[in-house]
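Here's the letter readout for the chains.
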Amino acid sequence: MEYILNHPDRMLELILQHLEIVVIAVVLALLIGIPLGIVVTRVRWLEPPVTGIAGVLYTIPSLALFAVLIPFTGLSATTAITALTLYSLLVIIRNTAAAIDSVDPAMEDAAKGVGMTNVQRLFFVELPLGVPVILAGVRVAVVSAVGIAAIAAYIGAGGLGLLIFEGIRTTDPDRIIAGAFMASLLALSADFGLKRLEATLRRDRPTQL
Amino acid sequence: MITFEHVSKTYPSHNGGELVRAVNDLNVQVDEGELCVLIGPSGSGKTTAMRMVNRLVIPTEGRISVNGQDNSTMDPVLLRRSIGYVIQQVGLFPHLTVAENVGIVPRLLGWEKSKRRERANELLELVGLPPAKFADRHPRQLSGGQQQRVGVARALAADPEIILMDEPFGAVDPITRKQLQRELRRIQSEVHKTILFVTHDISEAFLLADRIVLMYRGRLIQNGTPAELLRHPVSEFVTDFIGEDQGLRVLQYTTLSEIASSAPHPLPTGHAVGTGADGNHIGGPLLLPQSMSVLDGLRHLAAVGHEAPDEILLQDKQDEITGIITNANLVMALSEAITSGETEEQGIAGGNNNNGNGSGLDTAHDIREANGVHS
C-alpha cells in the first residue's frame, strides 16, 4: 500500500498501460466476434466449428499462447493484445449468437410481418434488443482480460503485472500487493460499471435472458 | 381482395413418415372492404391459411392472389409492407416509443420523419390513445389493451388495403376484449379495409364478421354470412361449433325484411301515425326500418307495451313501405329460432307480457308451447 502512495505517477502510468492492452484487445474481439456471432445465427451449420475453434483457443494456457505468438510478434504489447483478443472471441461470439437467438419469436414474427428485410431485422430489432446480452459478454471478456494482461508483463507488454514481477524478483511484498490490488480494483470497477450499463439497457428490453 | 385457389400446405410430421396437411384445398374469396373471419378449433389451419397471404408461410399447392396478383410472384418484403399485420402477442418493439412503433412501416418505406410522426399521431387518435399522452411512451408503460391498440394503429400506418389479424384480442381480459372489438367495428366503419381475421371465439366472429369461414382439420367446412351459418348450417359440426346461443343469434342476424311479406296494397289506414313526434307509439301499425334485426324488432314491440299493434310495417331508407310483418310471420320466425337453437328460456322478447293482442309471447318456453314443440 505504501508503494502506491509513494509512487502515484508510476501507478497511473501502469494502470493506463494495462487498460490500453485490455481495451484494444476487447475492441478487436468485438470487431471480429460480433460479425462471426451474427453469421453463425444465419448459417447455422457454421456454429459448431466456429464456437469449437474459439473454445479451443480459450483453453490454451496464457503463457503457452504467448510462447506460440512470440516468433511472430515478438516480446511486445502486440503479442499480449493478440492473445487477449483470441481469448475474448469465444465469449463475444457466443453471447452475440445467444443475444440474437433470445429475441422473442413474436418479435421476429412482427418484424417479418411489417416487411423488414433480413438486414433491417438485424439492425432494427435483433442487435438493439440483444445489446444487454452482448454487453454481458463484454463484461466477462474485460474482467478476464484484466487478469490475463497482468501475466503479459512477463513478455514485456508492461502494465500492472510489471509491479508483481518486480516484487517477486526483489522479494518486495509491497510491490506485489500494489500490483495485485490495483489489477483487482480495475477488474472490479470494470465489472461494476458494465453491469450498471447493462441494467440500464435492459430496462427497455424486457424479453431478454 | 384476397383469393385462395386450391391452396394446400403440408408439413412433414414430427415422428417422420406421413405428411401433415395443415391446410387442405382451400378456396375462399375475401372481397374488398369485407371483414372475413377465419374460425375453427385449434389445429384447423386457420392461422396457417392467414400467414400464407403475406408469405410468412409458403403454400405447397395452389395460388393466393392479393388484389388480383399472384402473391408468389411478388417480393415478400414489399408484399408485407403493403399488408397490415396484427398478432396476438402484439409484438411491439420494446426499445422504440409508441409513435416510432406505429411509424415503423412508413419508416421502412422511407417516409420523412415529420410525416411519420404526423401519421402516427393521427392513428393514435383513431385508436383512442391521445398522442399527447401516449406517443412518447414505451410499450412497457402501456396496459395489454393499450398495447394492442398500438398494434392496430401500426397495421394501419401505411394505409394498406388489406389487414391480417391473428387472434388480436385473444390475450386481453374479457372486458377489454369487448371494448377492443367494438372499437374495431367503429374503425372498420371508418376505414373499410379488407380484413382477414383469425379467431377461435365464435362470439367474436359473429360480432365482427361480414363473412365467416369455418375450418376444421385444414378443410373449409362452411363459408357464408353469419346469418347463413346460423340458418343453414351445412352439418352437425357447424351447429355444434356455433353453440348454445344459436337461437338468440338467429334472431340477431335475421333482418325484419327477411321474415316480412311483401308490401300490402292498399296500405293499412293510419300507417303514417304509427309513431308520434316524441318517438312513442300512438296506435296504428308500428313502422320499423327493414334492415333492423328481428331481435331489435321484438325489443321495440316489447317497449311499446300495451299499445302493441297487430302489424309491423317496414320502411327502406327512403321511407317507402317495403313489407309487412304479421303476428303469424313473427311466430314463425321465433319458432324457427327456437327449434334451431334448442335453448331453454331465453327470454327473447323480454319484459311485457301482452297475451291477448297476439304479440305478447315472451319466452322461448311460451312459444314452444304455442307451437306444440316439446323438448
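Nothing here was measured: the structure is a model prediction, and the numbers come from that model.

1. Describing the overall build of chain A
Here's step 1: Each helix and strand counted, chain A has nine helices and zero strands in total.
Here's step 2: In chain A, the succession of helices and strands from N to C terminus is α-α-α-α-α-α-α-α-α.
Here's step 3: C-alpha atoms of chain A, sized along the principal axes, occupy 65 × 40 × 20 Å.
Here's step 4: Expressed as a percentage of its 209 residues, the buried residues of chain A come to 39%.

2. A short note on the overall build of chain B
Here's step 1: Each helix and strand counted, chain B has 16 helices and 14 strands in total.
Here's step 2: Looking at chain B as a whole, 40% of its 375 residues qualify as buried.
Here's step 3: Within chain B, contacts between residues at least 6 apart in sequence are counted, and of these 66% link residues at least 24 apart.

3. Let's talk about the interface of chain B and chain A
Here's step 1: Taken together, the 17 residues of chain B in the interface contact 18 residues of chain A.
Here's step 2: Secondary-structure elements contributing two or more residues to the side of chain B that touches chain A are α2 (76-81), β6 (83-87) and α4 (104-108) of chain B.
Here's step 3: When its residues are assigned to classes, the side of chain B that touches chain A shows nine nonpolar, five polar and three charged.

4. Focus on the sheet that holds strand β11 (residues 261-262) of chain B
Residue and element names in this part refer to chain B.
Here's step 1: Overall, mixed pairing links the four strands, which are arranged β11-β14-β13-β12 in an open sheet. The open sheet has two edge strands, β11 and β12 (286-289), and neither has a second partner.
Here's step 2: Alignment of β12 against strand β13 (residues 311-315), held across four bridges, turns out to be parallel. In the sheet register, L286 faces β13, and the bridge partner there is I312.

5. Points about the environment of L160(A)
Here's step 1: Along the chain, the position of L160(A) falls in the loop between α7 (118-151) and α8 (161-169).
Here's step 2: Given 25 C-beta atoms within a 10 Å radius, L160(A) is considered buried.

6. A closer look at the pairing of strand β10 (residues 219-224) of chain B
All names here are of chain B.
Here's step 1: For strand β9 (residues 211-216) and β10, the ladder comprises five bridges, and the chain directions are antiparallel. By the bridge assignment, M215 is partnered in β10 with L220.
Here's step 2: The hairpin turn running from β9 into β10, its antiparallel successor, is two residues long, and R217 in that turn takes a positive phi close to 50°.

7. Things to note about the confidence of the model for chain B
All names here are of chain B.
Here's step 1: Predicted confidence across chain B gives a mean pLDDT of 82, with 81% of residues reaching 70 or more.
Here's step 2: The low-confidence segment residues 343-375 (pLDDT under 50) makes 61 contacts with residues lying over four places distant or belonging to another chain.
Here's step 3: For this predicted complex, the interface confidence reaches an ipTM of 0.80, while the overall pTM sits at 0.76.

8. Quick word on the sheet that holds strand β1 (residues 2-12) of chain B
Backbone hydrogen bonds hold the strands of a sheet together, and the pairing may be parallel or antiparallel.
Residues and elements named next belong to chain B.
Here's step 1: One open sheet accounts for four strands, arranged β2-β1-β4-β5; its pairing is antiparallel. Strands with a single pairing partner mark the edges of an open sheet, and in this sheet they are β2 (19-30) and β5 (69-70).
Here's step 2: Bridging between β1 and strand β4 (residues 61-66) involves five bridges; their strand directions are antiparallel. Bridging from a neighbouring strand, E5 pairs with R63 of β4.

9. Digging into the packing of helix α5 (residues 77-101) of chain A against α7(A)
All names here are of chain A.
Here's step 1: Contact geometry of α5 with α7 gives a least axis separation of 8 Å together with a crossing angle of 155°. The angle between α5 and α7 falls in the class roughly antiparallel. Classified by chirality, the crossing of α7 by α5 is right-handed. Residues A80, L84, Y87, S88, V91, I92, R94, N95, T96, A98, A99 and I100 of α5 pack against E126, G130, V133, I134, A136, G137, V140, A141, S144, A145, I148 and A149 of α7.
Here's step 2: A breakdown of the residues in the contact of α5 with α7 according to their chemical character gives 16 nonpolar, six polar and two charged.

10. Topic: the nonpolar core
Here's step 1: In terms of nonpolar packing, the biggest core is built from 149 residues, with L84(A), A145(A), V37(B) and L38(B) touching the most fellow members.
Here's step 2: In terms of residue count, α5(A) provides more of this core than any other element does, 15 residues in total.
Here's step 3: If we skip the residues at most four places from it in the chain, V37(B) touches F197(B), T199(B), A205(B), L208(B), A209(B), I212(B) and V213(B).

About the cut-offs
- Residues numbered from 1 in each chain as written.
- Chains lettered and ligands numbered in written order.
- Predicted model: local features only at pLDDT ≥ 70, side-chain atom pairs only at ≥ 80, totals over all residues.
- Helix = DSSP H or I, 4+ residues; strand = E, 2+ residues; numbered from the N terminus.
- Buried ≥ 20, exposed ≤ 12 C-beta atoms within 10 Å, placed from the backbone.
- Contact = placed C-beta atoms within 7 Å.
- Nonpolar A, V, L, I, M, F, W, Y, C, P; charged D, E, K, R; others polar.
- Pairing = 2+ DSSP bridges.
- pLDDT = per-residue confidence, 0-100.
- Axes fitted to C-alpha atoms, helices over the stretch in contact; angles between N-to-C directions.
- Parallel < 35°, antiparallel > 145°, perpendicular 65-115°, else oblique.
- Left-handed = near helix turned anticlockwise from the far one by under 90°.
- Core = buried A, V, L, I, M, F, W, Y, C linked by C-beta atoms within 7 Å.

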